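Summary of structural features
Each chain, letter by letter, is given below.
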Amino acid sequence: MRLRNNPKAYDIMKENKSFVILEPENCKNKWKDIFGNNHPIYIEIGMGKGDFIYENARQFPEINFVGIEKYPSVLAAAINKINAREEKVNNLRLMHYDAIELHQVFEKDEVDKIFLNFSDPWPKSKHAKRRLTSSKFLDVYKDILIDEGNIEFKSDNRGLFEYSIISLNQYPMDIEYISLDLHNSPESEINIMTEYERKFCEKGPIYKLVARYRKNG
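Chains are numbered independently. Their residues run from 1 in the order of the written sequence. Where local features are concerned, this predicted model is filtered to residues with pLDDT of at least 70; where side-chain atom pairs are given and counted, the filter is 80 or more; whole-chain, interface and lining totals use all residues. As a rule here, side-chain values cover all heavy atoms of the structure and leave hydrogens and water aside.

**Notes on the sheet that holds strand β2 (residues 41-45)**
Here, any two strands with at least 2 DSSP bridges between them count as paired. The helix count covers DSSP runs of H or I at least four residues long, the strand count covers runs of E at least two residues long, and both are numbered beginning at the N terminus. Sheet architecture is open: eight strands sit in the order β1-β4-β3-β2-β5-β6-β8-β7, paired in mixed fashion. Looking at the sheet topology across the chains shown, the edges are occupied by β1 (20-21) and β7 (173-179). Relative to strand β4 (residues 92-96), strand β3 (residues 64-69) is paired through five bridges, and the arrangement is parallel. Within the sheet, the bridge partner assigned to Gly 67 lies in β4 and is Leu 94. Any two residues having at least one pair of non-hydrogen atoms within 4.5 Å are treated as being in contact. Note on method: axes are straight lines fitted to C-alpha atoms, helices fitted across the in-contact stretch only, with angles between N-to-C directions ranging 0 to 180 degrees. The strands touched by helix α3 (residues 51-59) are β2, β3, β4, β5 (111-117) and β6 (145-155); relative to β3, the strand with the most contacts, the crossing angle is about 175°. Running at roughly 135° to β6, helix α5 (residues 135-144) makes contact with β2, β5, β6, β7 and β8 (207-213) of the sheet.

If you want it as structure tokens, here you go:
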């Protein structure tokens, strides 16, 4: 999800340093101190305007959430949207960062779960390594997740979903759940939607999978 460039994006981040991480590399191995507790940490990579990560933080105060967004203007829009919410949450932090460098931000075993929601499909074969479920990124996730940590992935792009299944099967991971039509499955009752998902779910099925790293895999 990309927005028109916001020249004030970095200023907006600085003005909200109570929940926006300005120097992510300084957080490595310090997330328990940042949140002030030992709760599990769930991260969303490519958080867009923040609807999904905010609602998770609101519903599950016993879990710490970190929203990660590569594009400054998108993150700025998420910050403004979260600030407009009536209900504030203390278990949510946001950052502007590139997922391929997350080993600089999280120590091994610091993350319990990763959410990947409606990632850019990068449909051209020459761009396959940019897909967030490519082996290049799976290596990064394995570095920061706990043993047997899992990934939850949602997409409306059939090609990316099929690619992701193949990519995960070639890695030391077990796919524990697959839905080819999430909104018409029993899990739809507990599914937290992203802004994108609400807008486009009527145009076609939403695919979801949950995969877990094998212990010592």
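**Notes on the packing of aromatic side chains**
Between the rings of Phe, Tyr and Trp (Trp by its six-membered ring), a pair exists once the centres lie within 6.5 Å; its type follows the angle of the planes, with under 30 degrees stacked, over 60 edge-to-face, and the other angles tilted. The tally for this structure, following the rule as stated, stands at eleven aromatic pairs. Centre to centre, the rings of Tyr 42 and Phe 115 are 6.0 Å apart; their planes meet at 65°, and the pair counts as edge-to-face. Residue Tyr 42 is located in strand β2, and its partner Phe 115 is located in strand β5; the two are separated by 73 residues in the primary sequence. For the pair shown, Tyr 42 and Phe 115 are each scored as buried. Here the aromatic rings of Phe 153 and Phe 161 are separated by 6.1 Å at their centres, their planes lie at 15°, and the arrangement is stacked. Grouping aromatic residues by their ring pairs yields a cluster made of Tyr 42, Phe 52, Phe 65 and Phe 115. Positioned over the ring face of Trp 122 is Arg 130, at 4.8 Å from the centre of the ring. Sitting over a ring, as applied to charges here, requires NZ of Lys or CZ of Arg to be within 6 Å of the ring centre and within 35 degrees of the ring normal. Taking the ring centre of Tyr 163 as reference, the NZ or CZ of Arg 131 above it sits at 4.5 Å. For every residue, the accessible area obtained with a 1.4 Å probe (protein chains only) is divided by the maximum for its type, and the residue is called buried under 20%, exposed over 50%, and partly exposed between those limits.

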